Amino acid sequence: MLYSYLLTRSEFHLQAPSEGRSRDNQYAYSVYLNMLLMVLELSGYRVSRSGSYPMEQLGESNMLSDNKLAKALSSNLDIRDIIAKGETGIEAFDSTLLRIYSMITKSAAYIDYRKKKRPDLADDVQFWSVIINTVIATNPLVLEAARTNENFTLAGFQKGVQMAVATLRDYHDSESTYAQAKKSLNESLEKAYELYHALLLLPLYLTNLEAERIEAAKAKYCPTDEELNPNLKFVNNAFVAAVRDNSDMEEYLKKHPFSWESDYYMLKDILEKIKESETYRNYMAEEDTTFAKDCELWRTLLRTVVFPSDALAEALEQRSVYWNDDLAIMGTFVLKTIKHFATAESHNVNLLPIYKDEEDAKFGPDLFLTAIKERDTYRSYIDKFVNGSSWDPERLAFMDIVILLTAITELLKFPAIPLAVTMNEYVEIANYYSTPRSGQFINGVLFSVANYLKEEGKLMK
């Protein structure tokens, strides 16, 4: 979930001033900023701190005010910094705003735009790109105002306009990562389920490797008595045989073939550590065994030897970017499955499904999509309790923001999940994924947000 959200991180990336010190380049950059700020002013945002603001007289009747692009642009930290410094020169265009506004609202581009019932960000980007090129940049009044700048050049003006349009369209292009993120989320869940099966198969490959070693020892030139008559309890482990013959495992591998054959050195390293363990020695020393004891052997070996193995961690990292993070939870599921084997009447038990039920299947995508859809609103809750505190909102780790947005989504959109469960889980996530102080920070802000939402009647649990 967190990884997928990071992939959707879309921001305006303002271009830096050109390294070339030519008059054209210097002036182009000022036009570039003015075009972006003009989009804000036409959309009802007061940009200039000095002089008049003609758009103010339109008030709520401003037909350009409700657009997602301007909202996103206004929240950009670089844009905010530029506005705060008040050195943009945007005041030169104040006299043109109402005229430009009138031309925009009468344009064919605007008429087409208004036909859309719910224009999205892509529609806004397309609309403003066309408007800048065909209405604003070509208007004689805008050019006349631009000429009041002593550095004016026509080439610089045209270049600045192109830069502004490119920035808007780059923002739209970055939205394409949204689709990739949703795909990545689904892939991560499917890969986690693959890891569940892969870990269950590890005992099979480890005992096969030991069986091969035993056969090789028998074929030596002068095998010892122990090598000719080895203890076969480990390689004949009944739990391993049950996994090998499990119908759910067979069905899964038909659709999703998987093998540890190429990880010989990983298997060899883990097998050596298993045979050095006290658990293995005690098991091999017992005269008799039972199916339950065979299951318990592998529950213990996986928990104490296999899962903590550096060799396994390296193999998982090479196989999937998700697997080292997934090992803890998938390992828990594997141990639960082995316990289920041990207590079931039949050795052919059902393996865990990828989702518990339909609601479980929808949880991840719904959490992801809602966090993105409501991120501006939820970010305002975060800022409410960060501003004025000892935490600097401008220096917050982005991962902390992601964690808080996701946690607030879970608080508000999933009433069946207890408040304490959400609080504890996201503090743990912060401690694992973010900075040393993140757990404390997440706990404090999330507690304050939860109390505020309760007071507002928005959180009922």
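To keep things clear, this report deals only with the structure shown in the data block. (Residues numbered from 1 in each chain as written. Predicted model: local features only at pLDDT ≥ 70, side-chain atom pairs only at ≥ 80, totals over all residues. Heavy atoms only, no water.)

## Notes on the overall build of the chain
Then, number 1: For the chain, the count of helices and strands is 23 helices and zero strands.
Then, number 2: The C-alpha radius of gyration computed for the chain amounts to 31 Å, which surpasses the reference 23 Å derived for 461 residues by more than 25%, pointing to a less compact arrangement than a globule.
Then, number 3: Based on the C-alpha atoms only, the size of the chain along its principal axes is roughly 100 × 55 × 45 Å.
Then, number 4: When burial is assessed residue by residue, the chain has 45% of its 461 residues classed as buried. (Helix = DSSP H or I, 4+ residues; strand = E, 2+ residues; numbered from the N terminus. Rg over C-alpha atoms; globule rule 2.2 N^0.38 Å. Buried < 20%, exposed > 50% of the residue type's maximum accessible area, 1.4 Å probe, protein only.)

## A look at the pattern of salt bridges
Then, number 1: Evaluated as defined, the whole model comprises 15 salt bridges.
Then, number 2: Of the charged contacts, one joins Glu56 and Arg46 as a salt bridge, the two residues approaching to 3.6 Å between their closest N and O atoms. Here Arg46 lies in the loop between helix 2 (23–42) and helix 3 (68–74) and Glu56 lies in the loop between helix 2 and helix 3, a separation of ten residues in the sequence.
Then, number 3: The exposure class of Arg46 is partly exposed, given its relative accessible area of 43%. (Salt bridge = Lys/Arg side-chain N within 4 Å of Asp/Glu carboxyl O.)

## Focus on the packing of helix 14 (residues 264–276) against helix 17 (residues 310–319)
Then, number 1: One way to put it is that helix 14 packs onto helix 17 with a least axis distance of 9 Å and a crossing angle of 160 degrees. Classified by the angle between their axes, helix 14 and helix 17 sit roughly antiparallel to one another. For the element pair helix 14 and helix 17, the recorded crossing hand is left-handed. In this structure, helix 14 uses Met266, Asp269 and Ile270 to contact helix 17, whose residues at the interface are Ala311, Leu312 and Ala315.
Then, number 2: Of the residues in the contact of helix 14 with helix 17, the class split is five nonpolar, no polar and one charged. (Axes fitted to C-alpha atoms, helices over the stretch in contact; angles between N-to-C directions. Parallel < 35°, antiparallel > 145°, perpendicular 65-115°, else oblique. Left-handed = near helix turned anticlockwise from the far one by under 90°. Contact = heavy atoms within 4.5 Å. Nonpolar A, V, L, I, M, F, W, Y, C, P; charged D, E, K, R; others polar.)

## A word on helix 15 (residues 278–285)
Then, number 1: Residues Tyr280, Tyr283 and Met284 constitute the buried set of helix 15. Angularly, the buried residues of helix 15 cover 95 degrees about the axis, an arc narrow enough to put them on a single face. The exposed set on the far side of helix 15, more than 90 degrees from its buried face, consists of Glu278 and Ala285. (Arc of directions from axis to C-beta.)

Purely geometric numbers; function is a separate question.
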